[in-house]
Every structure is written in structure tokens, then in C-alpha cells.
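# Structural characterization, general
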Amino acid sequence: MLLTSIDPFAGEFDRLAQRVFGTTNGAMGTRSVMRMDGIRRKDDVLLRFDLPGIDAGSIDVTVDRGVLTVSAKRAEEYAEGENPYRRERVMGTFTRRVSLSDTIDAEKIDAGYTNGVLSVRLPLLEKAQPRKVEIHTDGQKEIAA
């Protein structure tokens, strides 16, 4: 029998890493991506989203029915009379959705934006914290089958 470690966040991050949300640039055939790292810590999960060149005022983070949604917008930066001859930077609205585990305390989620990185802290509920299980020996307590 094969035994594996169970981490409710690991599987979700693996699935999300394979999904791509955003817009398609038809001319280049590339997709815009809001890259994300997920870091499991003792009392919370930290999500870091790369949003270089995005104005902090255009970033929106919402939680609704167990889904965290991060949206951001990069506006056109061309002045009148400027015509780009090559365009690799994607403009427009970007959205990334993350399904949250029921072990996340959605009421205490907070976020900060520094140097082009949005950090979203997802605190764990107390019931989701690791705990030590007491092992009973002969005569102490009988375990119901």
C-alpha cells in the first residue's frame, strides 16, 4: 500500500499552476498570466502575485463563496501621435481565481502591494492547525471501534 502525505493546499496549487487565466494576444499567440506562488506557513498561507507595472489603485481582491479573486488592470501608455511598432507587453484586465479550502478564515484575509508584488495572507482556522494526538496505553482509555 502506498501512503502519501495529505496537504489540502498542495493539490490545489498544482491544479492552479496548470491553469492560465487572462486575455489572449491574438497577434503574438501568447497568453497573459498573473503568476502566483503559494507558501504554506505555520498559521497561514501566503499567496504572492507578480503584478509589475500595475497601479495599486487598479488592483481588486475579493472573496465570494470560497473563491478568492484577484483582478488588476494595466492601461495603455501611449500618448497621442505615438504608434507602437512592436507590442509584447499585454494591456487590459487580468484576473486570477483561487478556490479556498474550508480551513481558511475568510473574514481575516488581508493583502498588501509592494514593488510589483501583491501578497495575500490567508489565515488558517484554529481547527486547521496541526495538533499533537495523545496516545493511550493499556488501561488508560479504550478506543471505540
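Below you will find a few notes about this structure. Quick caveat: nothing in here was measured; it's all calculated off a predicted structure.

Further remarks concern the overall build of the protein. Helix and strand counts for the protein stand at 1 helix and 9 strands. Mapped in sequence order, the helices and strands of the protein form the string α-β-β-β-β-β-β-β-β-β. Counting only residues that meet the buried cut, the protein has 27% of its 145 residues in that class. Only carbon and sulfur atoms are counted for the fraction: they give 48% of the accessible area of the protein, which is about 10800 Å².

Quick look at the environment of Ser 101 now. Inspection of the secondary structure assignment puts Ser 101 in the loop between strand E7 (92-99) and strand E8 (110-114). For the pair Ser 101 and Gly 66, spaced 35 residues apart in the sequence, the C-alpha separation amounts to 7.2 Å. Side chain to side chain, Ser 101 and Thr 103 meet in a polar contact 2.9 Å long.

Picture the strands of a sheet paired through backbone hydrogen bonds; they go either parallel or antiparallel. Strand order across the open sheet formed by 3 strands is E5-E6-E7, with antiparallel pairing between neighbours. Looking along the sheet, the strands with just one partner apiece sit at the ends: strand E5 (60-64) and E7. With strand direction ignored, the average angle separating the axes of adjacent strands in the sheet is 20°. In the sheet, E5 pairs with strand E6 (residues 67-74) via 5 bridges, with the strands oriented antiparallel. Looking across to E6, one finds that Thr 62 is bridged to Thr 69.

Here the focus is the pattern of salt bridges. Within this structure, the stated rule accounts for 6 salt bridges. Arg 41 is the salt-bridge partner of Asp 44, the closest N and O atoms lying 2.8 Å from each other. With its nearest N and O atoms 3.6 Å apart, the salt bridge here joins Arg 121 to Asp 44. Remark: Asp 44 occurs in strand E4 (residues 44-50) and Arg 121 occurs in strand E9 (residues 117-123); sequence separation between them is 77 residues. Connected through salt bridges with shared partners, the residues Arg 41, Asp 44, Asp 110 and Arg 121 form a single ionic network.

Direction of pairing for strand E3 (residues 36-40) relative to E4: antiparallel, over a ladder of 5 bridges. Paired with Met 36 across the strands is Phe 49, a residue of E4. If you look at the hairpin formed by E3 and E4, you'll find 3 residues sitting between the two strands.

Now for the side chain of Arg 74. Mapping Arg 74 onto the fold places it in strand E6. By relative accessible area, which is 14% here, Arg 74 ends up buried. A distance of 2.5 Å separates a polar atom in the side chain of Arg 74 from the backbone oxygen of Pro 52. Non-local contacts of Arg 74, meaning those with residues more than four positions away in its chain, are made with Pro 52, Gly 53, Ile 54, Arg 89, Val 90, Met 91, Gly 92 and Phe 94.

About the thresholds
- Residues numbered from 1 in each chain as written.
- Predicted model: local features only at pLDDT ≥ 70, side-chain atom pairs only at ≥ 80, totals over all residues.
- Heavy atoms only, no water.
- Helix = DSSP H or I, 4+ residues; strand = E, 2+ residues; numbered from the N terminus.
- Buried < 20%, exposed > 50% of the residue type's maximum accessible area, 1.4 Å probe, protein only.
- Areas by Shrake-Rupley, 256 points an atom, 1.4 Å probe, with all protein chains shown as cover.
- Polar contact = N/O pair within 3.5 Å; in protein donor to acceptor, adjacent residues only side chain to side chain.
- Pairing = 2+ DSSP bridges.
- Axes fitted to C-alpha atoms, helices over the stretch in contact; angles between N-to-C directions.
- Salt bridge = Lys/Arg side-chain N within 4 Å of Asp/Glu carboxyl O.
- Contact = heavy atoms within 4.5 Å.

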